[in-house]
Amino acid sequence: MSKKKKHEDHEEHIDETWLIPYADLLTLLLALFIILFASSQVDSKKYDSIMRSLNNAFTGGEAPFAMSNMVPINDAGNSTKNNNKSQNPPPKQDSKTDSQLAAKLQKEEKDLKELKQSMDAYIKENNMSEQLSTKLDNEKLTITISDRALFDSGSATIKQESQKLAVSMSNLLGSYPGYEVQVAGHTDNIPIRRADFETNWDLSAKRAVNFMKILLNNSKIVPASYSSVGFGEYRPIAENDTTEGRAKNRRVEVSILRNIKATDEIAK
């Protein structure tokens, strides 16, 4: 009887061998979902970390996953760009160069403001506000001199009493070396009829040269930094339809050029 009972219990035992492939299937599905989840993430570092974890879990070390060339979905379009960035890293900012540039800009700003203030003081002291003016901007300091303050009508010879102005300006400019200075002559649009000047080009150029020659009579000034140009009637600052407008256009401009462009507009 006991043998028969044992035999019946053996026949009623449930076969559980199917659990092994079922567990394997669940494990594979879990791995698949983890891979899909990781592929949808932007963070490629997390993706690589998950891949390594899966390699260790299934193979005990580096395996085909480690050699995978798969790219996260959201990073696929940027893979080439990222590779280029890694190969060509952006240049580092040279803090020393930046500080040197800032120091030069600060000094230049100080120089030009001081020069403008000195010239404004001279204009006020000599009651020449209607004949001279100054303007400081992001490119240069411009000193504008009306032609009647320097020349007789149709002449390029500086008046004797006006040479004092040129000498005073030369002394001021000599105190601030290292800048390019341009002297420009301008006229109105009335054609000139003189034997010594065929056109307004000639008159404006000669006036600029003659004024520059007096500026250069200063040992502190380096002639190589100075130049002159005649623009004739072609760069007016006012309409030539009126007497007042033509008077404004007849002028000499002395421009002290910036070595460094200012980043912000400077208060006039």
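Each chain has its residues counted from 1, running along the sequence as written. In keeping with the predicted nature of the model, local features appear solely for residues at pLDDT of at least 70, side-chain atom pairs appear and are counted solely at 80 or more, and the whole-chain, interface and lining totals rest on all residues. The side-chain figures draw on all heavy atoms in the structure; neither hydrogens nor water molecules are used.

Draft legend 1. Fine view of the overall build of the chain. The secondary structure content of the chain amounts to eight helices and five strands. Numbering of helices and strands starts at the N terminus; helices are DSSP runs of H or I of at least 4 residues and strands are runs of E of at least 2. Helices and strands in the chain line up, N terminus first, as α-α-α-α-α-β-β-α-β-α-β-α-β. Counted over contacts in the chain with a minimum sequence separation of 6, partners at least 24 positions apart contribute 68%. A total of about 18,100 Å² of accessible surface is found on the chain, and carbon and sulfur atoms cover 54% of it. Whether two residues touch is decided by their heavy atoms; if any such pair falls within 4.5 Å, the residues are in contact. Computed with a 1.4 Å probe, the accessible areas rest on the Shrake-Rupley method; for each residue, only the protein chains presented here act as cover.

Draft legend 2. Expanded view of the packing of helix H6 (residues 163-174) against helix H7 (residues 200-215). Running from N to C, H6 and H7 point in directions that differ by 60 degrees, and their axes come no closer than 8 Å. By the angle between their axes, H6 is oblique relative to H7. The chirality of how H6 crosses H7 is right-handed. Within the contact between the two elements, H6 uses Gln163, Ala166, Val167, Met169, Ser170 and Leu173 and H7 uses Phe211, Ile214 and Leu215. Here an angle of 0 to 180 degrees is reported between the N-to-C directions of two axes, which are lines fitted to C-alpha atoms, with helices fitted over the stretch in contact. In this scheme, roughly parallel covers angles under 35 degrees and roughly antiparallel covers those over 145, while 65 to 115 is roughly perpendicular and the rest are oblique. Crossing handedness: left-handed means the near helix sits turned counterclockwise from the far one by under a right angle, and right-handed means the same turn made clockwise.

Draft legend 3. The arrangement of the sheet that holds strand E4 (residues 226-230) in detail. Strand order in the open sheet formed by five strands is E1-E2-E5-E3-E4, with mixed pairing between adjacent strands. Either end of the sheet is taken by a strand with one partner, and the two such strands are strand E1 (132-136) and E4. Along the sheet, successive strands turn relative to each other by an average axial angle of 15 degrees, direction set aside. In this scheme, strands are said to pair when DSSP sees at least two bridges between them. Relative to strand E5 (residues 251-257), strand E3 (residues 181-186) runs antiparallel, the two sharing six bridges.

Draft legend 4. Structural view of the packing of helix H5 (residues 95-125) against H6. One way to put it is that H5 packs onto H6 with a least axis distance of 10 Å and a crossing angle of 155 degrees. In terms of orientation, H5 and H6 fall into the roughly antiparallel class. Our pair here, H5 against H6, has a crossing hand that is right-handed. From H5, Leu115, Ser118, Met119 and Tyr122 reach across to H6, where they touch Lys164, Leu165, Ser168, Met169, Leu172 and Leu173.

Draft legend 5. How the structure looks around H7. The end-to-end C-alpha distance of H7, which contains 16 residues, comes to 23 Å, matching closely the 22 Å that a straight helix rising 1.5 Å per residue would cover. Considered for burial, the residues of H7 that qualify are Asn200, Leu203, Ser204, Arg207, Ala208, Asn210, Phe211, Met212, Ile214 and Leu215. Contacts made by the buried residues of H7 are with strand E2 (140-146), H6, E3, E4 and E5. Whenever a nitrogen or oxygen atom comes within 3.5 Å of another N or O atom, the pair is scored as a polar contact, on the condition that within protein one atom can donate a hydrogen and the other can accept it, and that pairs from neighbouring residues in sequence are kept only if both atoms are in side chains. Capping the start of H7, Thr199 holds a side-chain oxygen 3.2 Å from the backbone nitrogen of Trp201, two or three residues further along. Residue count minus one, scaled by 1.5 Å, sets the expected span of a helix. Categorising residues by exposure relies on relative accessible area from a 1.4 Å probe, with only protein chains included: less than 20% of the type maximum marks a residue as buried, more than 50% marks it as exposed, and the intermediate range marks it as partly exposed.

Draft legend 6. Broad picture of the confidence of the model for the chain. Residue-level pLDDT values for the chain average 81, and 72% of them are 70 or greater. Of the regions scoring below 50 in pLDDT, residues 63-71 engages in nine contacts with residues more than four places distant in sequence or in other chains. The predictor rates its confidence in each residue with pLDDT, a number between 0 and 100. Under a pLDDT of 50 for its full length, residues 264-268 has, in the predicted model, eleven contacts with residues more than four places off or in other chains.

Draft legend 7. Broad picture of the pattern of salt bridges. Salt bridges are identified by distance alone: a Lys or Arg side-chain nitrogen within 4 Å of an Asp or Glu carboxyl oxygen. Applying the stated criterion across every chain yields a total of eleven salt bridges. Between Arg258 and Glu108 there is a salt bridge; the shortest N-O distance is 3.5 Å. Of this pair, Arg258 sits in the segment after E5 while Glu108 sits in helix H5; the two residues are 150 residues apart in sequence, bridging distant segments of the chain. The class of Glu108 is buried, set by a relative accessible area of 2%.

Draft legend 8. Representation of the pairing of E1 in the model. Burial along E1 is one-sided: Leu132, Thr134 and Leu136 are buried, while Ser133 and Lys135, pointing the other way, are not. Here E1 pairs with E2 via five bridges, running antiparallel. Considered in E2, the bridge of Leu136 is made with Leu141. Remark: three residues form the turn of the hairpin made by E1 and E2, two consecutive strands paired antiparallel.

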